[in-house]
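Residues per chain are reported as follows:
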Amino acid sequence: MAAKENFEPKILAFLCNWCSYAAADLAGSSRMQYPPQIRVIRVPCSGRIDPFLLIRAFNSGADGVLVSGCHPGDCHYLDGNYYARRRFLMLKELMQYAGIPEERVNFTWCSASEGKRFAAIVDRVVARIKEVGPWEGFDGRGFARREEEMAGGK
Amino acid sequence: MENKYLEISKKIQEESRKLLSEGKVERIIGFGRGEFTKEITPIFVSDPDRADELLFTPECDMMLAKYLLDYKGSKTGIVAKPCDTRAITVYLAEELIKREEVFIIGINDCEGLDDNDACEECGIRNPVVVDLEIGQPRKEEIDPEIKDELEEMTREERFEYFQKEFSRCIRCYACREACFVCTCDECFADSNQPQWVGASIGKRDNFTFHLMRAMHMAGRCINCGACEQACPEGINMRALTKHLYRVAKDVYQFEPGLDPEEKTLFATYKLNDSEQGFLD
Ligand code: SF4
Ligand code: SF4
């Protein structure tokens, strides 16, 4: 396993446009500090997120994923997050059973006014993923190594 | 052939002949012997004189329900084990077929099939939906445990186990073809726009394929075992779908294919659904 200490995880964050994305914005414009390791993908609703996207993220070398939607009851489209909740629970169970550490698969809710909560969540998620270390891929070969190989390294 | 199965077969033949000659159905989908190998195989009978070819034995392990999708818009009779009727129930719940399009000849008191481990875990021994019953329904209810063979393993051991299992996969997609849930016009595994998963054999893509496959089965898989039986590599891919079956049962008290009026797991929700494992 690559050095855990100076490990900078790559985390894909799927954020709902109407809440969590705005919360990230708020956190930013309020100059709150949170770790820079998340790559944000803005989606119209947590109900839009096909679980395949998350599985594919791991296939492509993400160290972890974070999905954040509106709190139950607050969905811009009324019930998108309720549908999403079932899918994500099942996906989490599937990944965990298949042996992928549950720390890598994170789901939460965050409203547009919760900039502070958003920063705290990112903190937590980054810490969780640092804890389990770099994701070595479904084949266990690791991704960083492959990048080095491709760059002509050892 | 054992007497019991002989009797069932006779009854199926009799009733099918009647149904076909009275024009109540256009065809009967059932089991018969193949032309060359004499193995049990699905057969399609539309001529009442051929009704005698229909058989029922403990080798009738294919899931026939999927063929109903090829005959939408006409009336089709189908010889259905209890698991086939569950599959039909899922189709009805997802509105893939109409109730009046199918005539279900249901086998009562199913004793399970030869060589299908899933039968030991099945508690549904009478048809769920049926138009004509063959034999007497089983009275006593059973509720066998849906086993978790990997229960004792740690997470790391399970990961290694699945890596090993899926590394043998030759991506022939027999598991997909055998499964009644797989009804998509274009499978994610074949799609290249977007390409969800690489099409060639490799540890990474194989694992991804199986995770995606299992995710598509969630809340619809009835744990019939057809996938496992179809696999030429003997891969235990059912472990994943079975786990999701157990979770759906424990967390949502949901089991697919028991009630045609009930929406499937992902087609509905409850306001107070569990959030176990979510970050608070
Ligand atoms: S056990 Fe589940 S996944 Fe396998 S063929 Fe049956 S319904 Fe499909
Ligand atoms: S049937 Fe077996 S070998 Fe073929 S794709 Fe499915 S798991 Fe892989």
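Residues numbered from 1 in each chain as written. Chains lettered and ligands numbered in written order. Predicted model: local features only at pLDDT ≥ 70, side-chain atom pairs only at ≥ 80, totals over all residues. Heavy atoms only, no water.

**Student:** Summarise the overall build of chain A; cite the residues concerned and give the values.
**Tutor:** A count of helical and extended segments in chain A gives five helices and four strands. Its helices and strands in sequence order give chain A the pattern β-α-β-α-β-α-β-α-α, from N to C terminus. The burial tally for chain A puts 55% of its 154 residues in the buried class. Of the contacts made within chain A by residues no fewer than 6 positions apart, 80% connect residues no fewer than 24 positions apart. Of the accessible surface of chain A, which amounts to about 6,700 Å², a share of 51% is contributed by carbon and sulfur atoms. (Helix = DSSP H or I, 4+ residues; strand = E, 2+ residues; numbered from the N terminus. Buried < 20%, exposed > 50% of the residue type's maximum accessible area, 1.4 Å probe, protein only. Contact = heavy atoms within 4.5 Å. Areas by Shrake-Rupley, 256 points an atom, 1.4 Å probe, with all protein chains shown as cover.)

**Student:** Just give me the short version of the sheet that holds strand E2 (residues 38-43) of chain A, but keep the residues and values in it.
**Tutor:** All names here are of chain A. If you walk across this open sheet you meet the four strands as E2-E1-E3-E4, and the pairing is parallel. The strands lining the two open edges of the sheet, one partner per strand, are E2 and strand E4 (105-109). Sheet twist, expressed as the mean angle between neighbouring strand axes with direction ignored, is 20°. Pairing analysis gives five bridges linking strand E3 (residues 64-69) to E4, with the strands arranged parallel. By the bridge assignment, Val-65 is partnered in E4 with Val-105. Each of strand E1 (11-16), E2 and E3 touches helix H1 (residues 20-29); the most contacted strand, E1, lies at about 110° to it. Helix H3 (residues 80-98) rests against E3 and E4 of the sheet, and its axis sits at about 160° to E4. (Pairing = 2+ DSSP bridges. Axes fitted to C-alpha atoms, helices over the stretch in contact; angles between N-to-C directions.)

**Student:** So what about the site of ligand 1? Which residues, and what values?
**Tutor:** Residues and elements named next belong to chain B. Taken together, Cys-179, Phe-180, Arg-213, Met-217, Cys-221, Ile-222, Asn-223, Cys-224, Gly-225, Ala-226, Cys-227 and Arg-238 make up all the residues around ligand 1. For the shell around ligand 1, the elements supplying multiple residues, two or more each, are helix H5 (203-217) and helix H6 (226-230). Across the shell around ligand 1, the residue classes break down as eight nonpolar, two polar and two charged. (Near = heavy atom within 4 Å. Nonpolar A, V, L, I, M, F, W, Y, C, P; charged D, E, K, R; others polar.)

**Student:** Provide a residue-level description of the pattern of salt bridges, including the pertinent values.
**Tutor:** All names here are of chain B. For the structure shown, the criterion picks out 29 salt bridges over all chains. Among the ionic pairs, Arg-50 bridges to Glu-53, the shortest N-O distance being 3.1 Å. Accessibility expressed as a relative area gives 33% for Arg-50, which makes it partly exposed. In this structure, the salt-bridge partner of Glu-149 is Lys-242, at a minimum N-O distance of 3.2 Å. With a gap of 93 residues between them, Glu-149 in the loop between strand E5 (132-134) and helix H3 (155-167) and Lys-242 in helix H7 (residues 238-252) connect regions that are remote in the sequence. Residue class for Glu-149 comes out partly exposed when judged on its relative accessible area of 47%. (Salt bridge = Lys/Arg side-chain N within 4 Å of Asp/Glu carboxyl O.)

**Student:** For the interface of chain B and chain A, give the residues involved together with the corresponding values.
**Tutor:** Each partner contributes to the interface: chain B provides 47 residues, whereas chain A provides 44 residues. Counting the surface lost from both chain B and chain A, the interface buries some 4,400 Å², and carbon and sulfur atoms represent 64% of this. On the chain B side of the interface with chain A, the three residues burying the most area are Arg-204, Phe-278 and Leu-279 of chain B, jointly 19% of the side's total. Across the chain B-chain A interface, the total number found is three salt bridges. Where Asp-280 of chain B meets Arg-124 of chain A, a salt bridge forms, and the shortest distance between an N and an O atom there is 3.4 Å. Between chain B and chain A we count 22 residue pairs in polar contact (both at pLDDT 80 or more) in total. Every element with two or more residues in the side of chain B that touches chain A is listed here: H3, H5 and H7 of chain B. With 10 residues, the top contributor of residues to the side of chain B that touches chain A is H5 of chain B. (Buried area = accessible area lost by both parts, 1.4 Å probe. Polar contact = N/O pair within 3.5 Å; in protein donor to acceptor, adjacent residues only side chain to side chain.)

**Student:** Explain the site of ligand 2 to me, and be specific about the residues and the numbers.
**Tutor:** Residues in close proximity to ligand 2 total 13 residues, the closest being Cys-169, Cys-172, Tyr-173, Cys-175 and Cys-231 of chain B. Considering only residue class, the shell around ligand 2 consists of 10 nonpolar, one polar and two charged.

**Student:** Outline the sheet that holds strand E3 (residues 76-80) of chain B, listing residues and values.
**Tutor:** All names here are of chain B. Within the open sheet, the five strands sit side by side as E2-E1-E3-E4-E5. Their pairing is mixed. With partners counted over all chains shown, the strands left at the sheet margins are strand E2 (40-45) and E5, one partner each. Adjacent strand axes in the sheet meet at a mean angle of 25° when their direction is disregarded. Relative to E5, strand E4 (residues 102-107) runs parallel, the two being bridged by three bridges. Bridge pairing in E5 places Gly-106 opposite Glu-133. Sitting on the sheet, helix H2 (residues 82-93) touches E3 and E4, and the angle it makes with E3 is about 135°.

**Student:** Go over the packing of H3 of chain A against H7 of chain B, please, and point to the residues and values.
**Tutor:** Here H3 of chain A crosses H7 of chain B at 135°, and the two axes come no closer than 10 Å. On the basis of the axis angle, H3 of chain A is oblique to H7 of chain B. H7 of chain B is crossed by H3 of chain A, and the crossing has right-handed handedness. Packed against H3 of chain A, whose contacting residues are Arg-85, Arg-86, Leu-89, Met-90, Glu-93, Leu-94, Tyr-97 and Ala-98 of chain A, the element H7 of chain B presents Ala-239, Leu-240, His-243, Leu-244, Arg-246, Val-247, Ala-248, Val-251 and Tyr-252 of chain B at the interface. Class assignment for the residues of the contact of H3 of chain A with H7 of chain B results in 12 nonpolar, one polar and four charged. (Parallel < 35°, antiparallel > 145°, perpendicular 65-115°, else oblique. Left-handed = near helix turned anticlockwise from the far one by under 90°.)

**Student:** Go over the layout of surface pockets, please, and point to the residues and values.
**Tutor:** The probe, sized like a water molecule, is rolled over the atoms to show the empty space still left. Residues and elements named next belong to chain B. There is about 530 Å³ of room inside the largest pocket. Forming the walls of the largest pocket are 31 residues, and the residues nearest its centre are Arg-86, Cys-122, Gly-123, Ile-124 and Arg-125. Of all the elements in the fold, those that place two or more residues in the lining of the largest pocket are H2 and H7. In terms of residue count, the dominant contributor to the lining of the largest pocket is H2 (three residues). (1 Å grid on protein atoms, 1.4 Å probe; cavity = no way out; pocket = protein on both sides within 12 Å on 5 of 7 lines; lining within 4 Å. Points joined across faces, edges and corners; volume = space filled by probe spheres on them.)

**Student:** I'd like a description of the packing of aromatic side chains, backed by residues and values.
**Tutor:** Residue and element names in this part refer to chain B. All chains considered together, the criterion is met by 25 aromatic pairs over all chains. Ring geometry for Phe-44 and Tyr-71: centres 6.3 Å apart, planes at 50°, overall tilted. Here Tyr-71 lies in the loop between E2 and E3 and Phe-44 lies in strand E2, a separation of 27 residues in the sequence. With a relative accessible area of 31%, Phe-44 lands in the partly exposed category. (Phe/Tyr/Trp six-rings, centres within 6.5 Å; stacked < 30°, edge-to-face > 60°.)

By themselves, these figures tell us nothing about what the structure is for.
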